[in-house]
Amino acid sequence: MARKVRSKFAETCKHLFLWSIYACTFLPLYLMLTISLKDNQQFARNPWLPEAPFHWGNYIVGWHHIGDKIFNTTFIAFTTTGLAIAIAVMGAFFFARYKMPGSKILFFIFMLLMMYPGVANMVPSFKLMTSLGLYNSHWALILGGIATAQAFTIYVLRNFIEDIPQDLFDAVEIDGGSILHQIWHVVIPMSMPIIGTLAILRIIAVWNNFVGPLLYLRDSKLQVIAVALLHLEGEYTKNWGELMAGYTIASIPLIIMFLFCMRLFVRGLSAGAVKG
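Residues numbered from 1 in each chain as written. Predicted model: local features only at pLDDT ≥ 70, side-chain atom pairs only at ≥ 80, totals over all residues. Heavy atoms only, no water.

(A) The layout of surface pockets, seen in detail. Estimates place the volume of the largest pocket at around 1000 Å³. In this structure, the largest pocket is lined by 37 residues; those nearest its centre are Gly118, Asn121, Gly144, Gly145 and Thr148. Of all the secondary structure elements, the ones that give two or more residues to the lining of the largest pocket are helix 4 (69-97), helix 6 (122-131), helix 7 (138-162), helix 10 (192-207) and helix 11 (211-216). Of the residues that constitute the lining of the largest pocket, the class distribution is 26 nonpolar, 10 polar and 1 charged. Of the voids in this model, the second largest pocket is the one considered here, and its volume is about 290 Å³. The wall of the second largest pocket is formed by 15 residues, among which Ile204, Asn208, Ala250, Ser251 and Leu254 lie closest to the centre. Elements that contribute at least two residues to the lining of the second largest pocket include exactly helix 10, helix 12 (225-228) and helix 13 (240-275). If one sorts the elements of the lining of the second largest pocket by residue count, helix 13 sits on top with 7 residues. Split into classes, the residues belonging to the lining of the second largest pocket amount to 13 nonpolar, 2 polar and no charged. (1 Å grid on protein atoms, 1.4 Å probe; cavity = no way out; pocket = protein on both sides within 12 Å on 5 of 7 lines; lining within 4 Å. Points joined across faces, edges and corners; volume = space filled by probe spheres on them. Helix = DSSP H or I, 4+ residues; strand = E, 2+ residues; numbered from the N terminus. Nonpolar A, V, L, I, M, F, W, Y, C, P; charged D, E, K, R; others polar.)

In structure tokens:
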């Protein structure tokens with residue numbers, strides 16, 4: 001009997017701990033949705049609970065500020081992610097399947113880029129994009145995002161490609177397939193879970209990027225959501241309802257993407273845990 005009581009108490013503690021984690025995780029989302037329907041007076045009086053009347057007009061103001069920036073952000077995020085993953089797959093394939101003198105040293109030097117702080121690269125990157133004529137262009141963000149993603153993406157993909165049986169590559173080569181055929185018919189299908197996971201992480205990183213657009217884009221028509229939200233804060237006062245409504249609108253595409261790609265994301269994490 002005492003053992004059953006202890007087991008039940010331990011189970012209850014475990015569930016309480018998990019529910020506390022869930023509460024801490026979803027508390028910011030709850031507050032964002034609640035405050036988005038308030039004005040400043042309601043927010044100052046009661047920031048925690050919903051309060052009528054609800055100010056749905058905050059979403060109209062938020063959409064007016066960031067609605068036209070969603071296309072810009074989507075184009076930059078998906079273009080950057082697609083090109084970054086494509087280049088990283090070919091780079092990881094080289095490091096995983098081709099052995100040459102000094103290849104390990106070259107890979108080690110390449111991995112040192114993961115420890116290089118991005119802030120220290122801002123001035124050289126700005127001068128490079130300016131000299132290339134890409135200032136005030138989406139391609140400055142796209143090329144910068146592709147370069148930033150390579151070190152970590154290649155590091156992760158290399159481990160997966162190394163675990164693919166060599167017989168599969170030999171079969172494609174016997175059939176007359178080239179290196180690109182090996183990548184397309186073997187590497188990509190076998191590594192799809194981790195590729196999907198890396199793609200989701202890269203899209204989220206580009207979507208939330210603030211410093212890059214603020215640095216490279218001057219025209220307001222080219223701006224992205226992260227910078228457009230800055231204009232909702234106001235110069236002297238903040239309308240918290242409009243600001244939270246803008247944040248809510250900006251988060252909807254990411255939430256929808258994650259809901260549709262959740263299984264792929266979990267599969268990629270599970271595969272990484274097994275291989276690690």
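(B) Spotlight on the packing of aromatic side chains. The tally for this structure, following the rule as stated, stands at 11 aromatic pairs. Aromatic side chains Phe93 and Phe169 sit 5.8 Å apart centroid to centroid with 50° between the ring planes, which places their arrangement in the tilted category. Separated by 76 residues along the polypeptide, Phe93 in helix 4 and Phe169 in helix 8 (residues 166-174) bring together distant segments of the chain. Judged on exposure class, the residue Phe93 and its partner Phe169 are both buried. (Phe/Tyr/Trp six-rings, centres within 6.5 Å; stacked < 30°, edge-to-face > 60°. Buried < 20%, exposed > 50% of the residue type's maximum accessible area, 1.4 Å probe, protein only.)

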